[in-house]
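Coordinate inspection notes
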2 protein chains.
Amino acid sequence: MSLVVKKFGGSSVATPEKIKAVAARVLQEKRPEDSVVVVVSAMGDTTDELISLAKAITGKHYGREMDMLLSTGEQVSIALLAMAFSELGQPAVSFTGFQAGIRTSAAYGKGRINNIEPQRVLTELEEGKIVVVAGFQGINACGDIVTLGRGGSDTTAVALAGAIKADVCEIFTDVEGIYSADPRIVVNAKKMQEVTYNEMLEMARLGALVMQPRSVEMGKHYHVPIHVRSTFTEKTGTIIREEYTMEEREFIIRGVTHDTNVVKIAVLGVPDRPGIAYKIFSALAEANIDVDMIVQSIRNADKNMNDIVFTVTKPDLAQAKEILETIARELNLLDVVIKDSVAKVSVVGAGMLGSPGIAATMFGALGDAGINIEVISTSEISISCLIDASQVREAVNAIHQRFFPE
Amino acid sequence: MSLVVKKFGGSSVATPEKIKAVAARVLQEKRPEDSVVVVVSAMGDTTDELISLAKAITGKHYGREMDMLLSTGEQVSIALLAMAFSELGQPAVSFTGFQAGIRTSAAYGKGRINNIEPQRVLTELEEGKIVVVAGFQGINACGDIVTLGRGGSDTTAVALAGAIKADVCEIFTDVEGIYSADPRIVVNAKKMQEVTYNEMLEMARLGALVMQPRSVEMGKHYHVPIHVRSTFTEKTGTIIREEYTMEEREFIIRGVTHDTNVVKIAVLGVPDRPGIAYKIFSALAEANIDVDMIVQSIRNADKNMNDIVFTVTKPDLAQAKEILETIARELNLLDVVIKDSVAKVSVVGAGMLGSPGIAATMFGALGDAGINIEVISTSEISISCLIDASQVREAVNAIHQRFFPE
């Protein structure tokens, strides 16, 4: 027997017909001795429709009331899915985030799960029911409904799996698992059988969109294996877990990712004095702007001047530019130069720690394809290159071909 | 200063524009020192749309999940109305039934309010906020959402007014108050300034549709004056309370009501033996069928046989007929005769207790109009006549003209 949490997203439950299909599919896989919790998101475009209603009332954002409004979306799906199970003869019960014991921080629209009191969920499972839980929501210490923000339903599913000590948390999605590269770009991208939490986190950070880092971190913390798999087939997908089983160790590189949502910023002529870099990056950090790929190079050794290059995400550009131009005026720097037609390509793999030559192989692949590298940065389990955005497809394919020949 | 609960129904909050209008209207009447709770129903056709979704999943009725589903309707309205208040500069906070402390019985779809713990409501009122509460819903002892059934939002409003000791509960509706007869039938029907709980209950029982008896009973129990008034004007409507103020006493009859949702049933040739009537009416009571206007007459004194005539509501007819035909066979009765083209016209007024001649005046009005009376029944504060359904408009006008000549 096993205890499983299964999560289905909004597109899987977009219509009553799809909800019935989800119920049928869950029952098809469920052995009589299995205990199953299903976490669902709001049906299809429901969340957008609710947001439109709010926008028709006010241009302002009232966090508490917005969460009160948006949380109804999942409440509709759970009720309908529980009915669909009952209709198929499987006793089921639906729980809002509150009823499932999901306690969050007070931050409306971006709540963090503080703890889960899963007693009601466990009691109903013991009675042989499938428990259907609303994703994306919980209740804070004031008794108010709080939504969890982006990727919130995945987070609910993984956290709940941790709280009830489930054997696995299955995330159903429209792809068959985690691939060695985006299959829309690399035709022969390989589906991975396994990937570690750390690799998945790094891949998500570097542009892989299948999983939000948040729920992967949650899985890592609670030691919950996460099985990313397709809504449409019964095939095994990719399992995210602490360590590989033996036979998976052979792959040094797990995946090639790319991210076009980045901008390169070069701050030119920065005096080589202690505290200057701190001033620049602390101002960006205060504005909650994520900075990556920081490289400092000497511009003019005689004048003790450096250039500092880094990347930010596109949505942060306007604010970053304003902050940097203010600092440039104050400190009399040479210039702030923006290049927004860039892309970051990366290779990720825990195995590269003990394998020299990975960087050389990657640079070689790019060089042979005639692609210029603008910036390089590395972590313990990844190497990233910033290139021109127009060459991203070519770059990902060249690198993937080198690491995953055949 | 005053403490007021105001209730707006689904048609008053059917669109974002109407929700904004409700907020504006509430603020227009609110003096700075007033404390206001607003109870709202689901927007327009929302409840019907949710029911359609459920019907697309299953033909069966799963009470708990249906309540989980339907309660989202009010949750959407309260969030939007709270935003609308905030948009107008008035701090507001929305509460689900659960958050407002509304505890109900376990009966899904037809919960009864057992008690209200209004602490959060009172705290927010003290902080100067308008509190917006979801009508029609509460939470039972298991922590599950329960809806209150027909007229549920009115019940929420009146019960909450009782729990927080409000000065008045205002029910906003599409008519200007309670009238001496249905204004669609009697052109010069008068709006009453006041009516007692008992009169209103009797009028509701006898066909007046403005208020459900449940919320009137709740008002009576908690001594909450209920002000029934129009959403579209600022005029005073009708106040339902324990007793009249002096100047209202002059009206002996408060209203003329009619009810076409009735069927006459005659059970013919019933042996005049103890226990036979009990057998008939206990069988109907067991099936939860409401019976009214019971009249027994002697059919054949030599054979000790009676006829028993009574009315049931149209939706109960099929079941009542089946029960009665079974009993007729068992007891060898003569026949069960149904007449469904009947209507009940009634006069209601607490003052009739001390005023002889009311019945005679009513019968005279019907007789002068050439309307035959099929059955008569009376209570302490009402007299009802069953007539042919085709003459209902004429009958109501004739009676109204006699009691409210002007």
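Predicted, not measured: the structure shown is a model, and the values here were computed from it.

What to know about the environment of B:D154
All names here are of chain B. Structurally, the position occupied by D154 is in helix α5 (residues 152–163). A residue is classified by how much of its surface remains accessible, and D154, at 7% relative accessible area, is buried. In this view, D154 contacts K7, I171, M211 and S215; residues no more than four positions away in its chain are not counted. Of note is the side chain of D154, whose polar atom sits 2.8 Å from the side chain of K7.

Notes on empty space enclosed by the protein
Gaps left between atoms are located by rolling a probe of water-molecule size over the structure's atoms. Enumeration according to the criterion identifies one cavity of 30 Å³ or more in this entry. Looking at the largest cavity, its volume works out to about 200 Å³. If you go around the largest cavity, you meet 16 residues; those closest to its centre are A:T96, A:F98, A:I145, B:F98 and B:I145. At the level of elements, β7 (137–139) of chain A together with β7 (137–139) of chain B are the ones that each hand at least two residues to the lining of the largest cavity.

Let's talk about the UniProt feature "binding site: substrate" (unreviewed entry) in chain A
Residues and elements named next belong to chain A. The feature "binding site: substrate" (unreviewed entry), as given by UniProt, occupies T47 and E74 in the numbering adopted here. These annotated residues cover 28 residues of sequence, but their C-alpha atoms sit close together, with the largest distance between any two at 9.0 Å. Its location among the elements puts T47 in helix α2 (residues 46–57). Its place among the elements puts E74 in helix α3 (residues 63–87). Owing to a relative accessible area of 3%, E74 belongs among the buried residues under this scheme.

Section: the layout of surface pockets
All names here are of chain B. Its boundaries defined by the atoms lining it, the second largest pocket holds a volume of some 1300 Å³. Around the second largest pocket sit 48 residues that line it, and T173, L209, V210, M211 and Q212 are the ones nearest its centre. Taken together, the elements giving at least two residues each to the lining of the second largest pocket come down to α2 (46–57), α3 (63–87), α5, β9 (168–173), α6 (197–205) and β13 (255–259). If you tally residues by element for the lining of the second largest pocket, the top one is β13, at four residues. Among the residues forming the lining of the second largest pocket, the class breakdown is 18 nonpolar, 21 polar and nine charged.

Reading the values: the criteria
- Position numbers for residues start from 1 in each chain and track the written sequence from start to end.
- Here the convention is simple: chains get letters from A, ligands get numbers from 1, in the order in which they are written.
- Totals for whole chains, interfaces and linings use every residue, but because this is a predicted model, local features are given only for residues with pLDDT of at least 70 and side-chain atom pairs only at 80 or more, for both listing and counting.
- Only hydrogens and water are removed before side-chain values are computed, so all heavy atoms of the structure are retained for them.
- Helix and strand definitions follow DSSP, with helices as H or I runs of at least four residues and strands as E runs of at least two, each counted in order from the N terminus.
- Only protein chains enter the accessibility calculation, which uses a 1.4 Å probe; a residue whose area is less than 20% of its type maximum is buried, one above 50% is exposed, and one in between is partly exposed.
- The criterion used for residue contact is that any of the two residues' heavy atoms lie within 4.5 Å.
- Polar contacts, as counted here, are pairs of nitrogen or oxygen atoms within 3.5 Å of one another; within protein the pair requires one atom able to donate a hydrogen and one able to accept it, and residues that are adjacent in sequence qualify only if both atoms are side-chain atoms.
- Here the term cavity refers to a set of points on a 1 Å grid, laid over the protein atoms alone, in which a 1.4 Å probe fits but cannot get out; the term pocket refers to an open set having protein on both sides within 12 Å along at least five of seven lines, with lining residues being those that place an atom within 4 Å of a point.
- Grid points are joined across faces, edges and corners, and a volume is the space filled by probe spheres set on the points.
- UniProt positions are given in the numbering used here, feature names are shortened, and annotations may be inferred rather than shown by experiment.
- Side-chain classes follow a simple rule in which Ala, Val, Leu, Ile, Met, Phe, Trp, Tyr, Cys and Pro form the nonpolar group, Asp, Glu, Lys and Arg form the charged group, and the remainder, Gly included, forms the polar group.

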